[in-house]
Amino acid sequence: MKKILFSAVTLDVGGIETALVTLLNYLVNKYEITLVLEKRQGIFLDELDSRITVMEYSPSNNKFVFIRKFINLLKQLRFKNKYNNKFDFACSYATYSNPASFVARVASKNSVLWCHMDYLSQYGGDKEKVKQFFEEKHYKEFSKLVFVSEKSKQTFLEVFPEMANKVIFINNLIDYKEIEQKAEESIPEENLFEKKNDETIFLNYGRQEESQKRLYRIIEAAKKLKELEAKFKVIFVGNGKNSNDYKKRVQELNLEKEIIFLGRKKNPFPYVKKSDCVLLTSEYEGSPVVFTETMILNKPIITTDVAGSEQIEGKFGYVVEKNVDAIAKAMQLFMEKKFKIENKFDAEEYNNEAFKKIEDLINLKG
């Protein structure tokens, strides 16, 4: 049985963490897996298959630069001495983490950097910042770079055209049976989903961080719809560093009846199933796990034009420009006409295609 290693930061709630746990639990039947985390914490730790070995590699955060560098050098030397090329395959799954990159590159000659974002969009089109980001990860030392959407792969190649033979696109694996099962669980807020006056219930779930997720767009769109006397509710599931800011803005606009915050939920899927439409208003994404989760539950999506949205347009919902007016108009259109999904998402075929590509990566010669 081949030995493979994945490195990441934590297993706290998030799309990347969800995708990682799904992938590892999928692979553990064929491979001996080690997961190295910077911090062995997160609510998804309990979701990991018990056959997966979990280790910790924590860089020092000592406030004195010299001491911090010295401690980290010792840690690197110890890790190299113990694990240098000990694995048949290694993957740095948390793209932004320099320690995760180090761990994967040391652990195997056949190492992969997994990339979850459209980095050119993330850095506002600044190619120099994209170059700096990937240089810090020693991107040239990896056997392959994996992108989770075709769009994010192509924008990477705009910056690094010479990497064309090292870059591939693989969809995130998704545990569709578990999602369907979890969607049937009862929730304490059942009454929120009781329809009054034929109202439409929109849902946004995930991390609440304005720099990427741009949830003010939903709040301001709701203000416009209320002025039109539209009958709707927006339910937010999740939390983050801007949660209190969003709540304050809702109070300022007197939208407490239209917008409801439920906080973080370990299982968001019953909320997806009970809503009419999911909203995603991000400035940039890689390929949101929200897309596949929502498609599995056969719910329409209104999303801004981010990487991965090409699979939504016309098939599973509306793709709109990144502004309040466009979002409000799409919400109004949905309230008036709804959206009929003609062909149900084939999750099994989606997974099989991704898994074959992943196995090809693992079996590359180092």
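Reading the values: the criteria
- Residues numbered from 1 in each chain as written.
- Predicted model: local features only at pLDDT ≥ 70, side-chain atom pairs only at ≥ 80, totals over all residues.
- Heavy atoms only, no water.
- Pairing = 2+ DSSP bridges.
- Helix = DSSP H or I, 4+ residues; strand = E, 2+ residues; numbered from the N terminus.
- Axes fitted to C-alpha atoms, helices over the stretch in contact; angles between N-to-C directions.
- Contact = heavy atoms within 4.5 Å.
- Patch = residues over 30% accessible without salt bridge, like charges linked within 9 Å, V, L, I, M, F, W, Y side chains within 5 Å.
- Areas by Shrake-Rupley, 256 points an atom, 1.4 Å probe, with all protein chains shown as cover.
- Salt bridge = Lys/Arg side-chain N within 4 Å of Asp/Glu carboxyl O.
- Lys, Arg positive; Asp, Glu negative; His and termini not counted.
- Charge placed at Lys NZ, Arg CZ, Asp CG, Glu CD.
- Buried < 20%, exposed > 50% of the residue type's maximum accessible area, 1.4 Å probe, protein only.
- Parallel < 35°, antiparallel > 145°, perpendicular 65-115°, else oblique.
- Nonpolar A, V, L, I, M, F, W, Y, C, P; charged D, E, K, R; others polar.
- Left-handed = near helix turned anticlockwise from the far one by under 90°.
- Polar contact = N/O pair within 3.5 Å; in protein donor to acceptor, adjacent residues only side chain to side chain.
- Arc of directions from axis to C-beta.
- Core = buried A, V, L, I, M, F, W, Y, C linked by side-chain atoms within 4.5 Å.

Caption draft 1: Summary view of the sheet that holds strand β3 (residues 53–56). With parallel pairing, seven strands are arranged side by side in an open sheet as β3-β2-β1-β4-β5-β6-β7. The two strands at the open ends of the sheet, each matched to only one other strand, are β3 and β7 (167–169). Strand-to-strand twist in this sheet, taken as the mean axis angle between neighbours without regard to direction, amounts to 25°. Against the sheet, helix α3 (residues 98–107) makes contact with β1 (3–8), β2 (32–37), β4 (89–92) and β5 (111–115), and its axis sits at roughly 165° relative to β1, the strand it touches most.

Caption draft 2: A negative patch on the surface, seen in detail. Negative charge collects at one region of the surface, where D346, E348, E349 and E353 lie side by side. Within the element layout of this structure, D346 appears in the loop between α13 (324–337) and α14 (347–362). What makes D346 partly exposed here is its relative accessible area of 41%.

Caption draft 3: Region of interest: the sheet that holds strand β8 (residues 200–205). Strand order in the open sheet formed by six strands is β10-β9-β8-β11-β12-β13, and the pairing between neighbours is parallel. Each edge of the open sheet is held by one strand with a lone partner, namely β10 (259–261) and β13 (317–320). In this sheet, neighbouring strand axes are inclined to one another by 20° on average, regardless of whether the strands run parallel or antiparallel. Sheet contacts for helix α9 (residues 216–227): β8, β9 (232–237), β10, β11 (277–280) and β12 (301–304); angle to β9, the most-contacted strand, approximately 165°. Of the strands in this sheet, β8, β9, β11, β12 and β13 are in contact with α13, which crosses β13 at around 165°.

Caption draft 4: The pattern of salt bridges, seen in detail. Across all of its chains, the model carries 25 salt bridges by this definition. With a shortest N-O distance of 3.5 Å, K182 and E47 are connected by a salt bridge. Separated by 135 residues along the polypeptide, K182 in helix α7 (residues 176–182) and E47 in the loop between β2 and β3 bring together distant segments of the chain. Notably, a salt bridge pairs D360 with K356, separated by 3.4 Å at the nearest N-O pair. With D360 and K356 both in helix α14, this residue pair falls four residues apart, about one helical turn.

Caption draft 5: Quick look at the packing of α9 against helix α10 (residues 243–252). Relative orientation of the contacting elements α9 and α10 amounts to 10°, with a least axis distance of 10 Å. On the basis of the axis angle, α9 is roughly parallel to α10. Where α9 approaches α10, its residues Y216, I219 and E220 are matched on the opposing element by D245, Y246, R249 and V250. When its residues are assigned to classes, the contact of α9 with α10 shows four nonpolar, no polar and three charged.

Caption draft 6: The arrangement of the packing of helix α2 (residues 65–83) against α3 in detail. Between α2 and α3, the least distance of the axes is 9 Å, while the angle of their chain directions is 30°. Between α2 and α3, the crossing angle belongs to the class labelled roughly parallel. With respect to the hand of their crossing, α2 and α3 are arranged in right-handed fashion. Taking contact as the criterion, the partners of Q76, F79, K80 and Y83 in α2 are, on α3, F102, V103, V106 and A107. Partitioning the contact of α2 with α3 into residue classes produces six nonpolar, one polar and one charged.

Caption draft 7: Seen up close, the side chain of S92. In this structure, S92 sits in strand β4. Taking relative accessible area as the criterion, S92 reaches 0% and is therefore assigned buried. Of note is the side chain of S92, whose polar atom sits 3.4 Å from the backbone nitrogen of S101. When neighbours within four sequence positions are excluded, S92 is seen to be in contact with S7, S97, A100, S101, A104, V112, L113, W114 and F142.

Caption draft 8: Molecular detail of helix α5 (residues 127–136). The set of residues buried in α5 consists of V130, F133 and F134. Buried residues in α5, looked at end-on, bunch into an arc of 90°, giving them a common side. Buried positions along α5 lie against β5, α4 (119–122), β6 (144–147) and α6 (150–159). A side-chain oxygen of the first residue of α5 lies 3.1 Å from the backbone nitrogen of E128; this N-cap is D126. H138 sits one or two residues past α5 and shows a positive phi near 55°.

Caption draft 9: Here's a closer look at the side chain of K233. As for its position among the elements, K233 is in strand β9. In this structure K233 comes out as buried when scored by relative accessible area, which is 7%. If we ignore the near neighbours within four places in the chain, the residues touching K233 are L192, E194, E199, T200, I201, F202, K257, E258 and I260.

Caption draft 10: Summary view of the nonpolar core. Judged by nonpolar contacts, the single largest core of 96 residues is most densely connected at F6, L27, W114 and F202. With 32 residues, the next largest nonpolar core counts M55, F87, L120 and L145 among its residues.

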